[in-house]
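As a plain string of letters, each chain reads:
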Amino acid sequence: MECIFCDIIKREAPSEIVYEDEDIIAFLDINPINYGHLLVLTKLHFDNFLTVPKDLLHKLISKVQFLAGIVKRSTNADGFNTMSNNGTAAGQRIFHFHFHIIPRFENDFKFNLISKSYDDNHLKNISSKMKEFIEKYQGQFDG
Ligand code: 5GP
Ligand code: ZN
């Protein structure tokens, strides 16, 4: 299986690594949305958010918090976005799960998102579907 992020981890592809420990690695995005845009990922390969084992995910999110502070300080950012894309529909291009940390500056740009609104029926319908699935899968997730 070819994976550019696995190659980076193995030092078989170049990158600017800024943090590394036993489980986690962080390097600069090659095409940053803002300078200092950092990618944070587990060294083990998992396709997406749903397939990362919980213990590793906890380590990952903890490092994302630490590194978000580092990104903010080192770029003098006013804020930052942490985000992950999951699935091609969500814009995922590299299928080795990663968080983006994107430093943000007042008035730099707007994510061009258009909000929808619900009618009451629709709102209740979606909510009850979610509650049904929560009931069904909660035990499996906690266990
Ligand atoms: P995704 O769209 O999968 O959430 O994000 C993939 C990110 O990886 C993109 O922001 C892209 O610029 C970055 N990227 C793709 N290939 C490379 C690479 O070879 N090196 C580095 N450092 N970043 C990469
Ligand atoms: Zn990989």
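Note that this is a predicted model, so its numbers are computed, not measured.

Thresholds, definitions, all that
Residues numbered from 1 in each chain as written. Chains lettered and ligands numbered in written order. Predicted model: local features only at pLDDT ≥ 70, side-chain atom pairs only at ≥ 80, totals over all residues. Heavy atoms only, no water. Helix = DSSP H or I, 4+ residues; strand = E, 2+ residues; numbered from the N terminus. Expected span 1.5 Å × (residues − 1). Buried < 20%, exposed > 50% of the residue type's maximum accessible area, 1.4 Å probe, protein only. Arc of directions from axis to C-beta. Contact = heavy atoms within 4.5 Å. Bend = angle between axes of the 7 residues up to and from the residue. Polar contact = N/O pair within 3.5 Å; in protein donor to acceptor, adjacent residues only side chain to side chain. Donors = N, O, S within 2.8 Å, 3.2 Å for Na, K, Ca; no water. Tetrahedral: all angles 85-135°; square planar, octahedral: opposite > 155°, others 65-115°. Pairing = 2+ DSSP bridges. 1 Å grid on protein atoms, 1.4 Å probe; cavity = no way out; pocket = protein on both sides within 12 Å on 5 of 7 lines; lining within 4 Å. Points joined across faces, edges and corners; volume = space filled by probe spheres on them. Nonpolar A, V, L, I, M, F, W, Y, C, P; charged D, E, K, R; others polar. Axes fitted to C-alpha atoms, helices over the stretch in contact; angles between N-to-C directions.

Q: Looking at this structure, how should I read helix α2 (residues 54-75)?
A: Side chains three or four residues apart in an α-helix point the same way, a direct result of the helix having 3.6 residues per turn. Between its terminal C-alpha atoms α2 stretches 31 Å, which fits the 32 Å expected from 22 residues at 1.5 Å a residue. Taken together, the buried positions of α2 are Leu56, Leu57, Leu60, Val64, Leu67, Ala68 and Val71. On an axial view of α2, the arc spanned by its buried residues comes to 125°, and they lie on one face. Along α2, the residues that are exposed and aim more than 90 degrees away from the buried face are Asp55, Gln65 and Arg73. Buried residues along α2 sit in contact with β1 (17-20), β2 (24-28), β3 (38-42), β4 (79-83) and β5 (98-104). Immediately beyond the C-terminal end of α2, within one or two residues, lies Asn76, with a positive phi of roughly 55°.

Q: Hey, could you run me through helix α3 (residues 120-142) in this one?
A: When the terminal C-alpha atoms of α3 are compared, their 31 Å separation across 23 residues agrees well with the 33 Å that a helix rising 1.5 Å per residue should span. The largest bend along α3 reaches roughly 40° and is located at Lys136. Little of α3 is tucked away, with zero of its 23 residues classed as buried. Put simply, Asp119 is the residue that caps the front of α3, since its side-chain oxygen is 3.2 Å from the backbone nitrogen of Asn121.

Q: Which parts of the structure should I look at to understand the coordination of the zinc ion (ligand 2)?
A: The expected angle between donors at a tetrahedral four-coordinate metal is 109.5 degrees. At an octahedral six-coordinate metal it is 90 or 180 degrees. Taken together, the protein ligands of the zinc ion (ligand 2) are Cys3 (SG), Cys6 (SG), His45 (ND1) and His96 (ND1), with distances of 2.1 to 2.3 Å. Its four donor atoms give the zinc ion (ligand 2) angles of 103 to 118° at the centre, a pattern that matches the tetrahedral case. Written as a sequence motif, the donor arrangement for the zinc ion (ligand 2) is C-x2-C-x38-H-x50-H. Here His45 is found in the loop between β3 and α2, whereas its partner His96 is found in the loop between β4 and β5, with 51 residues between them in sequence. Overall, His45 belongs to the partly exposed group, its relative accessible area being 22%. Note on His96: relative accessible area 0%, which makes it buried.

Q: I'm lost on the pairing of β5 in this one. Help?
A: Across a regular strand the side chains alternate sides, sitting on one face of the sheet and then on the other. The element β5 is extensively covered by neighbouring structure, given that seven of its seven residues are classed as buried. Here β5 shows two buried faces, one formed by His98, His100, Ile102 and Arg104 and the other by Phe99, Ile101 and Pro103. Bridge analysis of β3 against β5 gives four bridges, and the strand direction is antiparallel. When the sheet's bridge partners are listed, Val40 is paired in β5 with Phe99. Relative to β5, β4 is paired through five bridges, and the arrangement is antiparallel. Bridging from a neighbouring strand, Thr82 pairs with Ile101 of β5.

Q: How should the layout of surface pockets be read in this particular structure?
A: Rolled over the atoms, a probe as big as a water molecule pinpoints where empty space is left. Computed from the structure, the largest pocket encloses a volume of approximately 550 Å³. Considering the residues around the largest pocket, the lining is formed by 25 residues, among which Asp29, Leu39, Arg93, Ile94 and His100 are closest to the centre. For the lining of the largest pocket, the secondary-structure elements that each account for two or more residues are α1 (4-9), β2 and β5. When its residues are assigned to classes, the lining of the largest pocket shows 14 nonpolar, eight polar and three charged. As a volume, the second largest pocket reaches approximately 170 Å³.

Q: Just checking my understanding: could you explain the sheet that holds β4 for this structure?
A: Across a sheet, paired strands are connected by hydrogen bonds in the backbone, their directions being either parallel or antiparallel. Taking strand neighbours across the sheet as the criterion, the five strands line up as β1-β2-β3-β5-β4 in an open arrangement whose pairing is antiparallel. With one partner strand each, in any of the chains shown, β1 and β4 form the two edges of the open sheet. Ignoring strand direction, the axes of neighbouring strands in this sheet form an average angle of 20°. The strands touched by α2 are β1, β2, β3, β4 and β5; relative to β5, the strand with the most contacts, the crossing angle is about 20°.

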